[in-house]
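A closer look at the structure
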Amino acid sequence: MLRFSKHEITINEIIKNMNIPDRSEYLKGLAQTGQKIMGVLPALYPRELLWAFDIHAAEIWDPPGEILHANAHLQTTICPVVKKSLEFILKEPQTINAGYLFPHTCDSLQNLGTQVKDLIGVSLPIYTFYNPKGRFNNTTIKYYQDILINFQSILEASHGPLEPEKLKAACVLSHKIDTYLMVIQQARMTDHLSLSNHEYFTLMRAQEYLLPQDYLSLLEQVNILEKPAEFSRARLMVSGILPPLPEILVFLDELGVSIVADDLLAVSRRIPKFAMDPPGSPLDYLTDRFFVLPPCSTRGGDLDERVHYLSNRLKESKAHGLLFDMVKFCEPELFDHRLLVKTFRERKTPVLTLETELEDHISGQDKTRIEAFTERLFEIVST
Ligand code: SF4
């Protein structure tokens, strides 16, 4: 069982102690064995189909490093996720050998896909996947099934015919991973998980680059406490695209604040809202899984549904406040943000909004705002 100590160790040590391999070393090692690796941009895509073709999905959200060349191809008002991703692609990393996949998460990513394919000229194949927007209904179900079948045919053209039993096995594996993630998420909300903020999100984000079998093995080792831990800490829920910067997560730990629930596109918005039956027909399973994901700004739909979902999560996790960690220039998130803040303030939930360009440090101003916000949370804890 893994047991994770808190606070006094550095961020790199945390990752080492959790036996989570370094992303870059891990992917390099896989590429050297001849593993097919596709670079996948955020956020929703049928990972099971890729696995069935023996393609490993290495997700690209916020690659480290300075933006040097990407700016020449992009407007200044494009979000840092797109900028950092393009910078990464322009470096032509050796680890990515099976192409890039651009899901239609937002207009910026869709445009990036077109640019990379038609203008910038990358030697690897470029794939797109146009997720449906809006609610679950007969039209969106039919549309989703059509694009799954179409994506399968496109992959077959390069990787040979799909073996149906491999797709079934991939769905079973995906179902197991989801089941563990739901248990861990629930344990987090109910204090049955002895992990710091940074440890928790490192674990949740390791799925972005580990082989699914390796990720499942990691999840199987997580220690769920039999009894809830004694807590006097303030409890926080975070909403946005990515978890707050590692430095912020560590700072919150130092202040005595636990992130007990999240509404993050990279984390819980990709985990089904409730347990699904084990896969029968892969096509039905993949379709159902897409439509049982939590509401998300990038999939359109009803804002009331998001408010309802967030309220329930706040209640269930007993969070004392809500942090919106906004990626600068993220249009889908900005669209919902104003009304969400207004709604929760009216309900007397303490709300803090931070804006991030995915820099690698926390500003003095943000530190001060977080401290002031934390004091409000502790006032609630002590009343
Ligand atoms: S951060 Fe927002 S705008 Fe940028 S890629 Fe993600 S969803 Fe699109």
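Quick look at the structure, then.

For the structure on display, the rule yields 8 aromatic pairs. Ring geometry for Phe 290 against Phe 291: centres 5.1 Å apart, planes inclined by 85°, an arrangement best described as edge-to-face. Each member of the pair, Phe 290 as well as Phe 291, is classed as buried. Put simply, the rings of Tyr 127, Phe 129, Tyr 144, Phe 151, Phe 290 and Phe 291 touch in pairs and so form one group of aromatic residues. Sitting over the face of the ring of Tyr 200, Arg 188 holds its NZ or CZ atom 4.6 Å from the ring centroid. Its end group placed over the ring of Phe 251, Lys 367 keeps NZ or CZ at 5.0 Å from the ring centre.

Below, the discussion takes up unusual backbone geometry. Of the consecutive residues Pro 42 and Ala 43, the connecting peptide bond is found in the cis state with omega at 5°. Tracing the sequence through the fold places Ala 43 in the loop between strand S1 (36-40) and helix H3 (47-52). Even without being glycine, Asp 54 reaches a positive phi, approximately 60°. Along the polypeptide, Asp 54 turns up in the loop between H3 and strand S2 (55-59).

Let us look at the sheet that holds strand S7 (residues 321-327). Read across the sheet, 4 strands follow the order S6-S5-S7-S8 without closing on themselves; strand pairing throughout is parallel. With one partner strand each, in any of the chains shown, strand S6 (257-264) and strand S8 (351-356) form the two edges of the open sheet. Here the average twist between neighbouring strands, direction ignored, is 25°. In this fold helix H8 (residues 197-205) packs onto strand S5 (234-240) and S6, with an angle of close to 30° to the strand it touches most, S6. Against the sheet, helix H14 (residues 364-382) touches S5, S6, S7 and S8, its axis set at about 155° to S8.

Taken together, Cys 79, Val 81, Val 82, Cys 106, Leu 109, Val 327 and Cys 330 form the complete shell of residues around the ligand. Of the residues in the shell around the ligand, the class split is 7 nonpolar, no polar and no charged.

Before going further, it helps to examine the sheet that holds S2. Pairing is parallel in the open sheet, where 4 strands are placed in the order S2-S1-S3-S4. Looking at which strands have only one partner, the edges of the open sheet turn out to be S2 and strand S4 (126-129). Going across the sheet, the axis of each strand differs from the next one's by a mean of 30°, ignoring polarity. Pairing analysis gives 2 bridges linking S1 to strand S3 (residues 100-103), with the strands arranged parallel. The residue bridging Val 40 from the neighbouring strand is Leu 101, located in S3. Most of the contacts of helix H2 (residues 23-32) go to S2, to which it runs at about 160°, and overall it touches S1 and S2. Where helix H6 (residues 138-159) meets the sheet, its contacts fall on S1, S2, S3 and S4, and the angle it forms with S4 comes to roughly 165°.

Cut-offs used in this document
- Residues numbered from 1 in each chain as written.
- Predicted model: local features only at pLDDT ≥ 70, side-chain atom pairs only at ≥ 80, totals over all residues.
- Heavy atoms only, no water.
- Phe/Tyr/Trp six-rings, centres within 6.5 Å; stacked < 30°, edge-to-face > 60°.
- Buried < 20%, exposed > 50% of the residue type's maximum accessible area, 1.4 Å probe, protein only.
- Lys NZ or Arg CZ within 6 Å of the ring centre and 35° of its normal.
- Helix = DSSP H or I, 4+ residues; strand = E, 2+ residues; numbered from the N terminus.
- Pairing = 2+ DSSP bridges.
- Axes fitted to C-alpha atoms, helices over the stretch in contact; angles between N-to-C directions.
- Contact = heavy atoms within 4.5 Å.
- Near = heavy atom within 4 Å.
- Nonpolar A, V, L, I, M, F, W, Y, C, P; charged D, E, K, R; others polar.

These figures come from the coordinates and say nothing about function on their own.
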